[in-house]
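Architecture at a glance
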Amino acid sequence: MTPAELSQELESGRFRPVYYLYGPEDYRIKEAEKYLVRKFLPKPQAATNHTRLTVTKGNLRDILTSLSIYPMLGERQVFTIDEIQILTPAEIEKIMKLLTPPDPNRLVILVTPSSKLPRKENKTLVYLKENASAIAFDRLPDQQAERRVMMLLKESGITIEPEALQILILLCGGDMGGLNEEVNKLINYVGAGNILRKDDVAQVGSDYQAFSIFELAAAAARGNPDQALEIINFLMRQGEKGSGLLFWISEHFINLYLAKNRRFVSEKRQRGFWAVKDQVNLFENEQLEKIIELIAAADFELRNNTHPERLILERLVLDIAGRRISGGG
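Remember, it's a predicted structure, so these values are computed and weren't measured experimentally. (Residues numbered from 1 in each chain as written. Predicted model: local features only at pLDDT ≥ 70, side-chain atom pairs only at ≥ 80, totals over all residues. Heavy atoms only, no water.)

Structural notes on the packing of aromatic side chains
Summed over all chains, the structure comprises 4 aromatic pairs. Measuring from centroid to centroid gives 6.2 Å for Phe253 and Phe283, while their planes differ by 80°, and the two rings are edge-to-face. With a gap of 30 residues between them, Phe253 in helix α12 (residues 242-260) and Phe283 in the loop between α13 (267-271) and α14 (285-303) connect regions that are remote in the sequence. Classification of Phe253 by relative accessible area gives buried; the value is 1%. One residue, Arg76, lies across the ring of Phe40, its end atom 4.3 Å from the ring centre. (Phe/Tyr/Trp six-rings, centres within 6.5 Å; stacked < 30°, edge-to-face > 60°. Helix = DSSP H or I, 4+ residues; strand = E, 2+ residues; numbered from the N terminus. Buried < 20%, exposed > 50% of the residue type's maximum accessible area, 1.4 Å probe, protein only. Lys NZ or Arg CZ within 6 Å of the ring centre and 35° of its normal.)

This is how it looks when you write it as structure tokens:
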């Protein structure tokens, strides 16, 4: 089931006995849980008849006991069980048996936080997908993120320049919670009825520095050394150290290499893929491996003060810019 299908079912008053909410987008998972509770329970009972439980090692019996308790007020009740991925399929089966046959007055929400999401082949994850109504909450695609931004700004009568909109979406990387937070900060900053510009995002955005460094690495990757050199000069005038810039250039090209080879090694790395998704076809693997070697060599030079910082960085970006596929590698 997709999030949109879940919303359609709830709007029509249809509920399933057990839901499993998971994926990389914790904010959307939390919002879906609230929506389920709000739709299933009468408003006066939303606090008293919603019980939150968290799985820890050895507390399965306590969870089973809690699920056996009927509410004191009203008939309907909702249970949220966090960290469900800790349990084995055999242990989760005990919960499922307790919920069989389904009680139309009871709704159970199983949750795995993004930081604890198992691999696709994990037996517990496979069992949950097969035995509960599973909904994966992924990061927002750019088009959905854009619609969300425009909706929030429209409520305050604010218009946004296209470049500012693009930067804002890139910075948030599909994180709906972060997107809401950044837009609300910008609304308070520019005020109702005004225009939101690129400079406003630069002043207020939590991660605008990351975007500037992204522009630096992207300019080198796209074979635009003049722009890359201008950004280096700008950032170093702003007080950035050569070692700091080199660190983020390294992160950018490592993420690019991992994205090209679809190696999602960690949640942290996956969050960085927004910055490289349009560059995966600019290099072959061998070229990216060589670039990573060049970055390591530049790091050695910086640590040993073999040349001025600016010279080392400028030489590096010129070399990177000449190694993309269209540049002859």
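Thoughts on the nonpolar core
Counting 32 residues, the largest nonpolar core has Phe253, Phe283 and Ile320 as its most contacted members. Elements that contribute at least two residues to this core include exactly α10 (208-221), α11 (225-237), α12, α14 and α15 (309-321). Residue contributions to this core peak at 7 residues, all from α12. Beyond its immediate stretch of four places on either side in the chain, Phe253 contacts Ala217, Ala221, Phe283, Leu288, Ile291, Ile292, Ile295 and Ile320. Ranked by size, the runner-up nonpolar core spans 23 residues in total, among them Phe79, Leu87, Val108 and Leu125. (Core = buried A, V, L, I, M, F, W, Y, C linked by side-chain atoms within 4.5 Å. Contact = heavy atoms within 4.5 Å.)

Describing α14
Its 19 residues give α14 an end-to-end C-alpha distance of 27 Å, which sits within 8% of 27 Å, the value for a rise of 1.5 Å per residue. Buried within α14 are the following residues: Gln287, Leu288, Ile291, Leu294, Ile295, Ala298, Glu301 and Leu302. Each buried residue of α14 lies within a common arc of 125° when the element is viewed along its axis, so the set occupies one face. Along α14, exposed side chains directed more than 90 degrees from the buried face belong to Glu286, Phe300 and Arg303. Against the buried residues of α14 lie α12 and α15. Positive backbone phi, approximately 55°, marks Asn305, located one or two places after α14. (Expected span 1.5 Å × (residues − 1). Arc of directions from axis to C-beta.)

Looking at helix α4 (residues 89-98)
Considered for burial, the residues of α4 that qualify are Ile92, Ile95 and Met96. Around the axis of α4, the buried residues are gathered within 100° of arc, so they sit on the same side. Residues of α4 that are buried sit in contact with β1 (18-22), α3 (60-67), β3 (77-82), β4 (106-111) and α5 (123-131).

Note that all results are geometric; they support no functional claim without further evidence.
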